Amino acid sequence: MCGIAGLIDTALPSEALPDTILEMLGTIAHRGPDGLGYAVGDDWAMGTARLAVIDLESGTQPLGDPGGRFWLCYNGEIYNYRELRADLEAQGVVFRTHCDTEVVLAAWMTWGEQCLPRFNGGFAFALFDRRERRLVLARDRFGKRPLFYARHGNAFLFASEMKAFLAVPGFAFEQDPAQLASILGQWTPLPDQTGFRAIQALPMGEWLSFDRGGLERHTYARLAFPEGPAPAGEDEAKALIRRHLEASVALRLRSDVEVGVYLSGGIDSAIVALLARDIGGRPPATFSVAFDDAALDESAEQQVVAAHLGTRHDTLRVSHEDIAAACPDAVYHAEVPAFRSAFIPMFLLSRRTQECGIKVILSGEGADEAFLGYDLFKETLLRSRWDDIDDDTRSRRLARLYPHLGHYGPQDIAALTGLYQQFSQERMPGLFSHELKFQNGRFSARLIKGAGDPFAAISALVAGHGEMAAMSPVQRAQWLEYKTLLPGYLLSTQGDRAALAHGIENRCPFLDPAVVDLASTLNLRFDDGFEEKRLLRQAFAGRLPESIVNKRKFPYRAPDAAAFAETRPDYLELVQSESELAKLPFLDANFARRLTAKVLSRPAAEISTKENQTFLFLLSIALLHRQFVGRDGVAGHKAGRVHPPLVRMVDLRGAA
Amino acid sequence: MDKIRAFIEDQFLVEFDESFPEGTNLFKEGVMDSFGYVQLCRFLEKEFAIAFTEAEMTGNVLVSLTQIRETVAQKVARRGEEPA
């Protein structure tokens with residue numbers, strides 16, 4: 001795992017480029033504490049901060065081909081690199097290292113962009129062709145690894161994290177009200193959104209080329225839900241699930257350093273830990289977050305799994321004060337507004353994991369998207385059949401949704417029925433499944449003054465993907481989750497950014513393409529869709545404690561923002577004071593103050609989920625403004641910086 | 001009845017005016033979510049000592065301030081006639 005950065009066609013003098021690229025890498029050195037490397041030409045430079053995981057000795061970057069034409073900076077892992085290497089060797093490629101980086105370079109040189117669909121992993125890379133003066137950027141199919149780009153005058157910039165652009169002389173950050181309104185409306189950035197004007201994220205499953213002819217973006221992996229051949233019955237389906245997950249975990253255990261597992265207390269991470277133990281030949285080190293608040297805490301279940309598997313388990317207990325103290329740093333690493341505080345404990349957990357000497361962890365992320373674990377999918381199914389089922393069935397299913405929300409239950413079922421009645425028809429083309437959620441997002445979007453339609457971007461995204469038309473309502477819901485919340489929050493703010501803030505590489509066995517494809521052939525084929533992940537649970541019944549197998553989905557949550565922000569007058573100053581709000585003229589200051597006053601003055605039971613979420617949006621927008629637009633992040637970063645050693649420098653200035 | 005307007009403005013952080021008239025559909029504008037709708041129903045029942053039937057809660061009678069006012073007024077007027 002690593003961080004990459006670079007700039008080409010820059011007007012900076014060539015003698016300034018080594019310092020500039022080192023400064024850029026320095027801002028993201030947390031992603032790769034094992035060594036920096038860069039290559040520099042007359043008007044370009046690119047480099048890598050490396051976290052050494054595979055081929056610790058000879059895998060230094062940037063990696064060039066023997067002729068010095070191609071230079072690769074690479075972040076991530078291609079888990080099937082050994083198989084690809086064998087394919088390439090069969091074609092006569094001779095390798096100099098045992099690192100997957102060289103496989104990526106050779107694969108591109110051999111197959112061109114056709115190599116991308118062959119890659120099974122989480123990756124982002126930049127490859128510069130000196131002869132053609134062409135830069136290629138590419139990103140994995142599920143958006144596990146980040147890659148941002150921007151124009152700066154005639155120059156083209158790229159980096160694993162936007163904060164690297166803080167090191168480019170003259171580059172200024174500016175928050176984009178229209179993008180912010182969209183992010184608040186959907187509670188997550190869309191695939192190419194960043195919240196900052198002039199900076200774009202390369203979407204999942206895409207690659208781009210930049211040369212004298214300009215910039216072109218291409219899609220190499222589209223999200224589809226293939227209807228594979230039906231297994232003969234449940235037993236065969238369960239066996240297929242086990243076999244695919246075993247293969248996926250085996251691939252993700254490939255590492256020259258120890259691999260640990262994050263345990264949440266739920267079935268998904270328990271399955272991953274079980275398979276890691278069985279395939280790896282010994283119990284893995286496991287790590288968990290615990291909370292004092294019983295409504296959020298799953299430490300008892302975590303202990304049950306750890307004891308059952310015999311893992312070396314470490315629990316990090318996180319208090320409100322811990323979350324309050326870490327909030328600005330976690331937001332600085334996330335780089336985008338956040339609607340939940342749950343990424344802050346994950347940020348702290350990765351620090352703890354690093355202190356324990358672990359560099360790579362596996363997690364259960366992706367299982368809920370693949371195997372329909374979210375209540376949203378059940379809600380979608382219920383609403384899509386709203387008029388076809390009897391009142392009793394409707395009420396019974398409604399009362400089983402969202403068990404963590406206090407107002408969902410038999411006592412309020414008539415009111416909830418009234419609400420869902422209002423949303424039982426599709427009003428926004430293609431967005432049926434998420435309509436109610438997005439309607440709630442309208443509340444958050446009210447933070448932004450005159451930003452236009454917060455749903456214009458998501459409508460355009462959906463309209464651009466004609467394949468949605470053939471999908472069932474639940475598949476559309478899945479598609480949207482894969483395209484929005486998964487890469488926009490779960491794999492980034494709460495995943496990659498939280499883990500790599502402390503040099504931890506996170507791998508997700510449930511997001512293996514074969515596992516996702518298998519799940520899509522099984523979903524709703526053996527179930528009625530109202531008992532989440534039933535086949536997955538049954539596939540591992542008997543191998544995990546019954547209490548874990550039969551436990552209902554317990555969403556991972558952390559304390560509401562108000563619970564920790566109220567202990568920090570400096571945070572409240574940011575979102576309440578006239579002088580601070582005046583720095584954010586695109587915010588509706590009146591609404592911001594009313595919201596803050598309500599969230600802080602009422603008992604928690606009187607504050608709705610969307611109000612809590614909007615408050616955290618507000619706080620994170622203000623923090624990001626201070627750190628990026630106000631450039632406080634530069635000072636904070638330099639104050640605490642420990643530069644990794646420079647392990648490779650390739651000077652091509654003046655070279656043909 | 002201004003209590004209803006005050007409750008909605010306070011609960012949902014909106015202000016009724018020309019740009020947000022009292023006839024606005026609170027569901028469609030994203031003002032009323034599940035939590036808010038449950039709070040509103042509880043408030044009305046307690047404040048005006050009335051009880052909504054399931055048909056009233058699931059119909060379109062509680063979607064705007066105007067309709068809520070009318071419905072509550074009718075129920076209050078009929079209160080003495082309804083069985084306890």
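Worth saying up front: this structure is predicted, and the values here are computed from it rather than measured.

Thresholds, definitions, all that
- Residues numbered from 1 in each chain as written.
- Chains lettered and ligands numbered in written order.
- Predicted model: local features only at pLDDT ≥ 70, side-chain atom pairs only at ≥ 80, totals over all residues.
- Heavy atoms only, no water.
- Pairing = 2+ DSSP bridges.
- Helix = DSSP H or I, 4+ residues; strand = E, 2+ residues; numbered from the N terminus.
- Axes fitted to C-alpha atoms, helices over the stretch in contact; angles between N-to-C directions.
- Buried < 20%, exposed > 50% of the residue type's maximum accessible area, 1.4 Å probe, protein only.
- Contact = heavy atoms within 4.5 Å.
- Salt bridge = Lys/Arg side-chain N within 4 Å of Asp/Glu carboxyl O.
- Phe/Tyr/Trp six-rings, centres within 6.5 Å; stacked < 30°, edge-to-face > 60°.
- Lys NZ or Arg CZ within 6 Å of the ring centre and 35° of its normal.
- Parallel < 35°, antiparallel > 145°, perpendicular 65-115°, else oblique.
- Left-handed = near helix turned anticlockwise from the far one by under 90°.

**What about the sheet that holds strand S17 (residues 505–507) of chain A?**
All names here are of chain A.
Phase 1: Strand order in this open sheet of five strands is S15-S14-S13-S16-S17, and the pairing throughout is parallel. Only two strands of the sheet have a single partner each, and these edge strands are strand S15 (312–318) and S17. Strand-to-strand, the axes of this sheet are offset by a mean angle of 30°, without reference to chain direction.
Phase 2: As defined by bridge partners, strand S13 (residues 259–262) adjoins strand S16 (residues 360–362) across three bridges and the pair is classed as parallel. Considered in S16, the bridge of Val259 is made with Val360.

**Quick word on helix H13 (residues 413–422) of chain A**
Phase 1: Here H13(A) lies mainly inside the structure; nine of its ten residues are buried.
Phase 2: Ile413(A), Ala414(A), Ala415(A), Leu416(A), Thr417(A), Gly418(A), Leu419(A), Tyr420(A) and Gln422(A) are the residues of H13(A) that are buried.
Phase 3: Packing partners of the buried residues in H13(A) comprise helix H11 (375–384), helix H12 (391–399) and helix H14 (435–445) of chain A together with helix H2 (34–47) and helix H3 (54–58) of chain B.

**Quick word on the pattern of salt bridges**
Residue and element names in this part refer to chain A.
Phase 1: Evaluated as defined, the whole model comprises 59 salt bridges over all chains.
Phase 2: The closest approach of N and O atoms between Lys533 and Asp368, which form a salt bridge, is 2.7 Å. Residue Lys533 is found in the loop between helix H19 (513–522) and helix H20 (534–539), and its partner Asp368 is found in helix H10 (residues 367–370); the two are separated by 165 residues along the sequence.
Phase 3: Here Lys533 falls in the buried class, since its relative accessible area comes to 4%.
Phase 4: Residue Asp651 is joined to Arg653 by a salt bridge in which the shortest nitrogen-to-oxygen separation is 2.8 Å.
Phase 5: For Asp651, a relative accessible area of 39% translates into the label partly exposed.
Phase 6: By relative accessible area, Arg653 is classed as partly exposed at 28%.
Phase 7: Connected through shared salt-bridge partners, Arg31, Arg145, Glu161, Lys163, Glu335, Asp496 and Arg497 make up one network.

**Brief notes about the packing of aromatic side chains**
Residues and elements named next belong to chain A.
Phase 1: Per the stated rule, a full pass over the model turns up 27 aromatic pairs over all chains.
Phase 2: Where Phe173 meets Phe196, the ring centres are 5.1 Å apart and the plane angle is 80°; that geometry is what we call edge-to-face. With a gap of 23 residues between them, Phe173 in the loop between strand S9 (155–159) and helix H4 (177–186) and Phe196 in the loop between H4 and strand S10 (199–201) connect regions that are remote in the sequence.
Phase 3: Residue classification places Phe196 among the buried residues on the basis of a relative accessible area of 2%.
Phase 4: With centroids separated by 6.1 Å and ring planes inclined at 40°, the aromatic side chains of Phe225 and Tyr482 adopt a geometry described as tilted. Here Phe225, found in the loop between strand S12 (214–219) and helix H5 (234–252), pairs with Tyr482, found in helix H16 (residues 473–483); they are 257 residues apart in sequence, far enough to count as distant.
Phase 5: Given a relative accessible area of 9%, Phe225 falls into the buried group.
Phase 6: Given a relative accessible area of 0%, Tyr482 falls into the buried group.
Phase 7: One aromatic cluster is present, built from ring pairs that chain together Phe165, Phe171, Phe173, Phe196, Tyr332 and Phe628.
Phase 8: Over the ring of Trp386 we find Arg394, and its NZ or CZ is 4.8 Å from the ring centre.
Phase 9: Here the basic side chain of Arg397 rests over the ring of Phe530, its NZ or CZ set 4.0 Å away from the ring centre.

**As for the pairing of strand S5 (residues 70–78) of chain A**
All names here are of chain A.
Phase 1: Taken across its nine residues, S5 has nine buried, putting it largely inside the fold.
Phase 2: As paired elements, strand S4 (residues 63–64) and S5 share two bridges and run antiparallel to each other. When the sheet's bridge partners are listed, Leu63 is paired in S5 with Leu72.
Phase 3: Of the pairings in the sheet, the one linking S5 to strand S6 (residues 121–129) comprises nine bridges and is antiparallel in character. When the sheet's bridge partners are listed, Glu77 is paired in S6 with Gly122.

**Brief notes about the environment of Ala201(A)**
Residues and elements named next belong to chain A.
Phase 1: Within the fold, Ala201 resides in strand S10.
Phase 2: For Ala201, a relative accessible area of 6% puts it in the buried group.
Phase 3: A sequence separation of 320 residues divides Ala201 from Thr521, and the C-alpha atoms of the two residues are 31 Å apart.
Phase 4: Excluding residues that lie within four positions of it along the chain, Ala201 makes contacts with Leu147, Phe148, Tyr149, Pro191, Asp192, Gln193 and Thr194.

**A closer look at the packing of H5(A) against H19(A)**
Residue and element names in this part refer to chain A.
Phase 1: At a closest axis distance of 9 Å, the pairing of H5 and H19 adopts a crossing angle of 165°. Looking at the two axes, H5 sits roughly antiparallel to H19. You can see that H5 and H19 cross each other, and the crossing is left-handed. In this structure, H5 contributes Ala237, Leu240, Ile241, His244, Leu245 and Ser248 to the contact, and H19 contributes Ala514, Val515, Leu518 and Leu522.

**A closer look at unusual backbone geometry**
Phase 1: A cis amide bond links Gln61(A) to the next residue, Pro62(A), at an omega of -5°.
Phase 2: Assignment of secondary structure puts Pro62(A) in the loop between strand S3 (44–50) and S4.
Phase 3: With a phi close to 65°, Trp187(A) is a non-glycine residue in the positive phi region.
Phase 4: You can see Trp187(A) is positioned in the loop between H4 and S10.
Phase 5: Taking the relative accessible area as the measure of exposure, Trp187(A) reaches 10% and is therefore buried.
Phase 6: Despite not being glycine, Leu13(B) has its phi angle at roughly 55°, a positive value.
Phase 7: Inspection of the secondary structure assignment puts Leu13(B) in the loop between helix H1 (2–12) and H2.

**Considerations on the sheet that holds S4(A)**
Residues and elements named next belong to chain A.
Phase 1: Strand order across the open sheet formed by six strands is S4-S5-S6-S7-S11-S12, with antiparallel pairing between neighbours. In the strand order of this sheet, the two ends are held by S4 and S12, each with one partner.
Phase 2: Bridging between S6 and strand S7 (residues 134–139) involves six bridges; their strand directions are antiparallel. Pairing of Ala126 across the sheet is with Leu137, part of S7.
Phase 3: Packing of helix H3 (residues 100–111) onto the sheet brings it into contact with S4, S5, S6, S7 and strand S11 (206–211), and relative to S5 it is tilted by some 120°.

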